[in-house]
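Chain residues, written in single-letter form:
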Amino acid sequence: MIRNVVVGVVKDGVPSEQVEVALQALRDLTLDGEPLGIVAGRDLGLREGNASYSLTVDFADEDAYRRYDLDEEHNRIRRELFAPISSEIRRIQFRLP
C-alpha cells in the first residue's frame, strides 16, 4: 500500500473559506467512480511555523497512485484551486508496512 501525503502553505490574505473549498473538492474527488477516501484539513495553529493544510490518501499500489496523479479532474483541482492560493506545496509517497 502507498500513502500519499501533501502539505501546503497558503499565501497571505487567502480567506479560510477559499482553502476549505479547495480541500472539499479533493475530499469529494472520485477515481473511476469510486471515492478515494482523502482525509484533508487545515492546520489548527497549535504550533508556530506549521503548514496551512495537509491531506493523506492511500492507494493499493504505484499504478493506482499514478492513475490518481494523472487524473484530469485531480489536476484541474490542483491547477485551479490549489496553485493560486498556495505559496508552497510538498508531497511524499511511501510504502506502508
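Because the structure is predicted, anything quoted here is derived from the model rather than measured.

K.L.:
Run through the sheet that holds strand S1 (residues 2-10), naming residues and quoting values.
P.N.:
Across the sheet, which stays open at both edges, the four strands sit in the order S4-S5-S1-S6 with antiparallel pairing between neighbours. Both outer strands of the open sheet, strand S4 (39-42) and strand S6 (86-95), are each paired with one neighbouring strand and no more. Adjacent strand axes in the sheet meet at a mean angle of 10 degrees, parallel and antiparallel pairs treated alike. Of the strands in this sheet, S1, strand S5 (53-59) and S6 touch helix H2 (residues 62-70), which is tilted by about 135 degrees from S5.

K.L.:
Tell me about the packing of aromatic side chains, residues and numbers included.
P.N.:
Tallied over the full model, the rule gives four aromatic pairs. On the numbers, 5.7 Å between centres and 80 degrees between planes, the contact of Phe59 with Tyr65 is edge-to-face. Take Phe59: its relative accessible area is 3%, and that puts it in the buried class. Seen from their ring centres, Phe59 and Tyr68 are 4.9 Å apart, and the 40 degrees between their planes marks the pair as tilted. Members of the aromatic cluster, joined through ring pairs, are Phe59, Tyr65 and Tyr68.

K.L.:
I'd like to hear about helix H3 (residues 72-82), residue by residue, with values.
P.N.:
Every buried residue of H3 is listed here: His74, Ile77 and Phe82. Along the axis of H3, the buried residues cluster in a sector spanning 60 degrees; they form a single face. Buried residues belonging to H3 abut helix H1 (16-27), S5, H2 and S6. You can read the cap of H3 off the contacts: a side-chain oxygen lies 3.2 Å from the backbone nitrogen of Glu73, and it is on Asp71.

K.L.:
Tell me what's going on with the side chain of Ser86, and back it up with residues and numbers.
P.N.:
For Ser86, the location among the structural elements is in strand S6. For Ser86, a relative accessible area of 9% translates into the label buried. In this structure the side chain of Ser86 is engaged in a polar contact, spanning 2.8 Å, whose partner is the side chain of Tyr53. Separated by 2.9 Å, the side chain of Ser86 and the backbone oxygen of Phe82 make a polar contact.

K.L.:
Tell me about the nonpolar core, and please be specific about residues and values.
P.N.:
A general feature of soluble globular proteins is that nonpolar side chains tend to end up buried together. Membership of the largest hydrophobic core comes to 23 residues, with the highest contact counts inside it found for Leu26, Leu36, Ile38, Leu55, Phe59, Tyr68 and Phe82. Secondary structure elements with two or more residues in this core: S1, H1, S5, H2 and H3. The greatest single-element share of this core, amounting to five residues, is contributed by H1. Phe59 has contacts with Met1, Ile2, Asn4, Leu36, Ala64, Tyr65 and Tyr68, leaving out every residue within four places of it along the chain.

Parameters and conventions
- Residues numbered from 1 in each chain as written.
- Predicted model: local features only at pLDDT ≥ 70, side-chain atom pairs only at ≥ 80, totals over all residues.
- Heavy atoms only, no water.
- Pairing = 2+ DSSP bridges.
- Helix = DSSP H or I, 4+ residues; strand = E, 2+ residues; numbered from the N terminus.
- Axes fitted to C-alpha atoms, helices over the stretch in contact; angles between N-to-C directions.
- Contact = heavy atoms within 4.5 Å.
- Phe/Tyr/Trp six-rings, centres within 6.5 Å; stacked < 30°, edge-to-face > 60°.
- Buried < 20%, exposed > 50% of the residue type's maximum accessible area, 1.4 Å probe, protein only.
- Arc of directions from axis to C-beta.
- Polar contact = N/O pair within 3.5 Å; in protein donor to acceptor, adjacent residues only side chain to side chain.
- Core = buried A, V, L, I, M, F, W, Y, C linked by side-chain atoms within 4.5 Å.

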